[in-house]
Amino acid sequence: MNIRSKIVSLACLILIIGLSSCKKEKQSEIDNIGQNTKQKIYKGKPISKDFDSKIDSLIAEMTLEEKTGLLHGNSMFATKAVERLGIPELKMADGPLGVREELEKDSWAPLGLEDDYATYYPAGAGLSATWNPNLAYTFGNSVGEETRARGKDVLLSPAINIIRTPLGGRTYEYFTEDPFLNKKLAVPFVVGIQDNDVAACVKHFAANNQETHRDYVNVKIAERPLREIYLPAFEATVKEAHAYAMMGAYNKFRGEYLCENDFMLNQLLKEEWGFEGVVISDWAAVHSSVNSLKSGLDIEMGTPKDFDEYFLAQPLIDSAKAGKISETEIDKHVKRVLRVMYSVKSMGSGDRKEGSISTEAHFKDAYNIAAESVVLLKNDKNLLPLDASGIKSLAVIGNNATKKNALGGFGAGVKTKREITPLEGLKNRLPESVNIKFAQGYEERYSKTEKAKLGDVTLNGPVTIDELDPKLVEEAVEAAKNADAAIIFAGSNRDYETEASDRASLELPFGQEELIKKVLEANPNTIVVMIAGAPYEIDEISEKSSALVWSWFNGSEGGNALADVLLGDVNPSGKLPWTMPKKLEDSPAHATNSFPGDKTVSYDEGILVGYRWFDTKNIEPLYPFGYGLSYTDFAISEAKTNKKTFTDNDTIKLNLKVSNIGEFEGKEVIQVYASKPNSKVERADKELKAFKKIEVNTGESVSVDIELPIKELAYYKVSSKQWVVEPGTYQLKLGNSSRNIMSELEIQIQE
């Protein structure tokens, strides 16, 4: 019973209101809990056009050189100012994990300042595992405040590409394999950032789903999977969140580089979707001047070279003077840039948000996200939550118990003053009476002589040394044998999971699997905790262990949040945002032999991405999409819809009762999947179309309302270039994972 419940009960007794009054008060409380589950609707503010006349006047006064200065980098993360006209630099910052430290003007070298520390937030996979749009807004708003405190105008975040292969080097950074979950998290994230007078730069647009050959690989996707799987989140950030910036990707799409792809940037993004912000290139992803600008690129950013040599610098000036491109065309792009600057108040009147950085409030935001992200995969013998009062000694094993991940790998990291490791978290939370014995167990080692060869999946990736050190193994086994309980922290890190490199396999690196098996033999009361951003092949570990937990690269407070989950102060409520396969060959991109390609990669699985493939092909995963246990148990009952027959403009209103029938307060994610039996077009077995995260006290029930617009059931009809809701019978499947369906309903959609 929570504190409020106790107060209510006590008040009932003291005032002698009577049993019926007490019941009424309790029911009122339950109703309030139900109301608290209502998900907010997040809507962004469109680009401001209030200053268009002023912008036109400024452009009229600018020289050609000054105009092009706004269209390319003049430092690693800023465009060129026009000081005589009061136009400042457009200042950018990397930011998927938090605001990156300050760099030198013309290199990736840090400046070594003392005032550019920031909060390290959980990586995208951790956020997506919360299945909580409100926390997505919290993340965006919190990091947006930090961006402003650092004086930046654009945050290069979020990264929302669909997870197509579990080998993906940026799986830890991306959100999910599902387009619906993706957009429901991306929209509040973007709104949260932009509420702080900062432009969110959504990336990487689009079809950028692998790191192997990313600089040149040509991606081929049929129109229907493109529209149904890979674009919905991007579209939602444009139409609902009104994102002010979009980052073009490195790779080609249908034969054209994505930073000069007329179909994607002009026809789709700007014309069809009405995007009014700026398209910024990924760093050094531009290959032409005139063609890229005409095809929809607005700003070219890049890696160090003379800034005047950028394609949109002197080469563009030369092209304009030679008549290859009109100054009117250049003016269009300059106007888009200036509109963004006025919209974030780096120009014009109005009080601009000042922001704050590395505050206790922001560390608490990072903690809240991390605490809801941890996924309990297995708890057969109720080893969890760990009873600190019942143990005198605890063996903590594994390099990941002390590994820090704020910095590392090829991608952007965060310089932070606080990163609580799992070992530190346990020491912070356990009483002094518990003797903690740490054993490293395995070393994180990479070969200095072996390199991934051209053509390998990893391409630029590190080659791990997977032999165990016998002495470290012996120390780990002895520590486990002599302890009442053991926790082994295994998995990966941001040096191994990294931008610019996909993994060669799903095997755990550094010989960890062998170590885990030895520790499990030494002490059956061993809890296995995986810290990683992407799936690994852990079938045998899952079978042999009684308690298995999945955590992430989880930010400044990750160790404290993880300790609180392990000790039961927080009931785990995370759900997998992707499917955990038993073996790599079961995943669709690998089952179809369509990854990684060479010069071209064809997405032969079509719409059957992630769980859609596993469920449709009836392939058993190790752990399904949306899966995650709790220390309590929930039941779904009395599910019903507001009516049985709908038209394509209606909204289905679902109501159900969720009961907590266990011994702990907890949060559950109700997931609604839709199926269309006997469809005239190819369909997945089921598709996520709604979800809601709710909190229920033990022994209580909550009435939950979920809305599902009929338009979410549409498929993209290529011949007519329209979204079509097929009439007929649909099944709505309610559960807490894609494989655990607890209630089914049937509805009809009229023609």
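Conventions we followed
Residues numbered from 1 in each chain as written. Predicted model: local features only at pLDDT ≥ 70, side-chain atom pairs only at ≥ 80, totals over all residues. Heavy atoms only, no water. Helix = DSSP H or I, 4+ residues; strand = E, 2+ residues; numbered from the N terminus. Rg over C-alpha atoms; globule rule 2.2 N^0.38 Å. Buried < 20%, exposed > 50% of the residue type's maximum accessible area, 1.4 Å probe, protein only. Contact = heavy atoms within 4.5 Å. Areas by Shrake-Rupley, 256 points an atom, 1.4 Å probe, with all protein chains shown as cover. Phe/Tyr/Trp six-rings, centres within 6.5 Å; stacked < 30°, edge-to-face > 60°. Lys NZ or Arg CZ within 6 Å of the ring centre and 35° of its normal. Patch = residues over 30% accessible without salt bridge, like charges linked within 9 Å, V, L, I, M, F, W, Y side chains within 5 Å. Salt bridge = Lys/Arg side-chain N within 4 Å of Asp/Glu carboxyl O. Lys, Arg positive; Asp, Glu negative; His and termini not counted. Charge placed at Lys NZ, Arg CZ, Asp CG, Glu CD. Pairing = 2+ DSSP bridges. Axes fitted to C-alpha atoms, helices over the stretch in contact; angles between N-to-C directions. Expected span 1.5 Å × (residues − 1). Polar contact = N/O pair within 3.5 Å; in protein donor to acceptor, adjacent residues only side chain to side chain. Parallel < 35°, antiparallel > 145°, perpendicular 65-115°, else oblique. Left-handed = near helix turned anticlockwise from the far one by under 90°. Nonpolar A, V, L, I, M, F, W, Y, C, P; charged D, E, K, R; others polar. pLDDT = per-residue confidence, 0-100. Right-handed = clockwise from strand over helix to strand, strands pointing away.

Caption draft 1: Local environment of the overall build of the chain. Looking only at helices and strands, the chain features 21 helices and 27 strands. Compactness check: the chain gives a C-alpha radius of gyration of 26 Å against a globular reference of 27 Å for 751 residues, within 12% of the reference. Structurally, the chain occupies a C-alpha span of about 80 × 65 × 55 Å along its principal axes. Counting across all 751 residues of the chain, residues that qualify as buried make up 62%. Counted over contacts in the chain with a minimum sequence separation of 6, partners at least 24 positions apart contribute 77%. Accessible surface for the chain amounts to roughly 28500 Å². Of this, 46% is attributable to carbon and sulfur atoms.

Caption draft 2: Expanded view of the packing of aromatic side chains. Counted under the stated rule, the structure contains 26 aromatic pairs. For the pair Phe 77 and Trp 283, a centre-to-centre distance of 5.2 Å together with 35° between the ring planes defines the contact as tilted. Here Phe 77, found in the loop between β1 (73–75) and β2 (78–79), pairs with Trp 283, found in the loop between β10 (278–281) and α11 (290–294); they are 206 residues apart in sequence, far enough to count as distant. Of the two residues, Phe 77 and Trp 283, neither departs from the other in class, the shared state being buried. Above the plane of the ring of Tyr 117 lies Lys 415, whose end atom (NZ or CZ) is 4.6 Å from the centre.

Caption draft 3: Local environment of a negative patch on the surface. On the surface, Asp 466, Glu 467, Glu 507, Glu 537 and Glu 585 cluster together into a negatively charged patch. Within the secondary structure layout, Glu 537 lies in the loop between β15 (526–531) and α18 (539–544). On the accessibility criterion, Glu 537 (31% relative accessible area) is partly exposed.

Caption draft 4: Structural view of the sheet that holds strand β18 (residues 634–641). As summarised here, the arrangement of the three strands in space is β18-β20-β23, forming an open sheet in which the pairing is antiparallel. Since the sheet does not close on itself, it has two edges, and those belong to β18 and β23 (701–709), each with one partner. Each strand axis lies, on average, 25° off the axis of its neighbour in the sheet, ignoring direction. The pairing of β18 with strand β20 (residues 651–660) spans six bridges and is antiparallel. What sits directly across from Lys 640, in β20, is Asn 655.

Caption draft 5: Looking closely at helix α7 (residues 179–194). With 16 residues, α7 ought to run about 22 Å at 1.5 Å a step, and its terminal C-alpha atoms sit 22 Å apart, in line with that. Backbone nitrogen of Phe 180 and a side-chain oxygen of the N-cap are separated by 3.0 Å at the start of α7; the cap is Asp 178.

Caption draft 6: How the structure looks around the packing of helix α6 (residues 133–149) against helix α14 (residues 360–373). Packing of α6 against α14 brings their axes to within 10 Å, and their N-to-C directions diverge by 150°. Relative to α14, the element α6 lies roughly antiparallel. Between α6 and α14 lies a crossing whose hand is left-handed. Contacts between α6 and α14 pair Leu 135, Thr 138, Phe 139, Ser 142, Glu 145 and Glu 146 from the former with His 362, Asp 365, Asn 368, Ile 369 and Glu 372 from the latter. By residue class, the composition of the contact of α6 with α14 is three nonpolar, four polar and four charged.

Caption draft 7: Main features of the packing of helix α16 (residues 470–481) against helix α17 (residues 512–522). In contact at an axis separation of 8 Å, α16 and α17 are set at 30° when each is read in the N-to-C sense. One element, α16, and the other, α17, form an angle in the roughly parallel class. By crossing handedness, the relation of α16 to α17 is classed as right-handed. Residues Val 473, Ala 476, Val 477, Ala 480 and Lys 481 of α16 touch α17, and the partners they reach there are Leu 515, Lys 518, Val 519 and Ala 522. In the contact of α16 with α17, the residues fall into seven nonpolar, no polar and two charged.

Caption draft 8: Examining the sheet that holds strand β8 (residues 252–253) more closely. Overall, mixed pairing links the four strands, which are arranged β9-β8-β6-β17 in an open sheet. Edge positions in the sheet fall to β9 (256–257) and β17 (600–602), since each has one partner strand and no second.

Caption draft 9: Structural view of the environment of Tyr 716. With respect to the helices, strands and loops of the structure, Tyr 716 is situated in strand β24 (residues 715–717). Judged by relative accessible area, Tyr 716 falls into the buried class, the value being 4%. Counting along the chain gives 491 residues from Tyr 716 to Pro 225, while the straight-line C-alpha distance between them is 8.5 Å. When near neighbours in sequence (up to four residues on either side) are disregarded, Tyr 716 contacts Glu 223, Arg 224, Arg 227, Glu 228, Lys 721, Gln 722 and Trp 723.

Caption draft 10: Geometry of unusual backbone geometry. Cis peptide bonds are those with omega within 30 degrees of zero, and the linkage from Phe 205 to Ala 206 qualifies with -20°. Relative to the helices and strands, Ala 206 is located in the loop between β5 (199–205) and β6 (218–220). With an omega dihedral of -5°, the bond running from Leu 384 to Pro 385 counts as a cis peptide bond. Counting through the fold element by element, Pro 385 comes out in the loop between β11 (375–379) and β12 (393–397). A positive phi angle is found at Lys 345, which is not glycine, with a value near 65°. Positionally, Lys 345 belongs in the loop between α13 (327–343) and α14. The phi angle at Asn 678 is positive, at roughly 55°, despite the residue not being glycine. By the secondary structure assignment, Asn 678 is in the loop between β21 (666–675) and β22 (687–696).

Caption draft 11: Highlighting the confidence of the model for the chain. Considering every residue of the chain, the mean pLDDT works out to 94; 94% of them sit at 70 or more. Counting interchain partners and residues more than four positions distant, the pLDDT-below-50 stretch residues 1–37 has 33 contacts.

Caption draft 12: Geometry of the pairing of β23. Burial of the side chains of β23 is restricted to one face: Val 702, Val 704, Ile 706 and Leu 708 are buried, whereas none of Ser 701, Ser 703, Asp 705, Glu 707 and Pro 709 on the reverse face is. In this sheet, β23 lies alongside β20 in antiparallel orientation, the contact comprising nine bridges. Bridge pairing in β23 links Leu 656 to Val 704.

Caption draft 13: Representation of the side chain of Asn 399 within the structure. For Asn 399, the location among the structural elements is in the loop between β12 and α15 (422–429). Exposure remark for Asn 399: the relative accessible area of 11% places this residue in the buried category. Apart from the residues within four sequence positions on either side, Asn 399 is in contact with Gln 440, Tyr 442, Glu 444 and Phe 489.

Caption draft 14: Broad picture of helix α19 (residues 558–567). Counting buried residues in α19 gives ten out of ten residues, a clear majority hidden from the surface. By the burial criterion, the buried members of α19 are Gly 558, Gly 559, Asn 560, Ala 561, Leu 562, Ala 563, Asp 564, Val 565, Leu 566 and Leu 567. Buried residues in α19 make contact with α14, α15, β14 (485–491), β15 and β16 (547–551).

Caption draft 15: Here's a closer look at the side chain of Glu 300. Mapping Glu 300 onto the fold places it in the loop between α11 and α12 (314–321). Of the side chains with opposite charge, Lys 305 comes closest to the buried, unpaired Glu 300, at an N-O distance of 5.0 Å. A polar atom in the side chain of Glu 300 sits 2.8 Å from the backbone nitrogen of Leu 312. For Glu 300, the contacting residues outside a window of four places in its chain are Leu 71, His 72, Gly 73, Ser 281, Val 286, Tyr 310, Phe 311 and Leu 312.

Caption draft 16: View of the pairing of β12. The buried fraction of β12 is high, at five of five residues. Side chains of β12 alternate between two faces, with Ser 393, Ala 395 and Ile 397 and Leu 394 and Val 396 buried alike. Pairing between β12 and strand β13 (residues 435–439): five bridges, direction parallel. By the bridge assignment for β13, Leu 394 is matched with Ile 436. In this fold, β12 hands off to α15, which returns the chain to β13; that crossover is right-handed. In this structure, β12 lies alongside β14, joined through four bridges in parallel fashion. Bridge pairing links Ile 397 to Ile 488 in β14.

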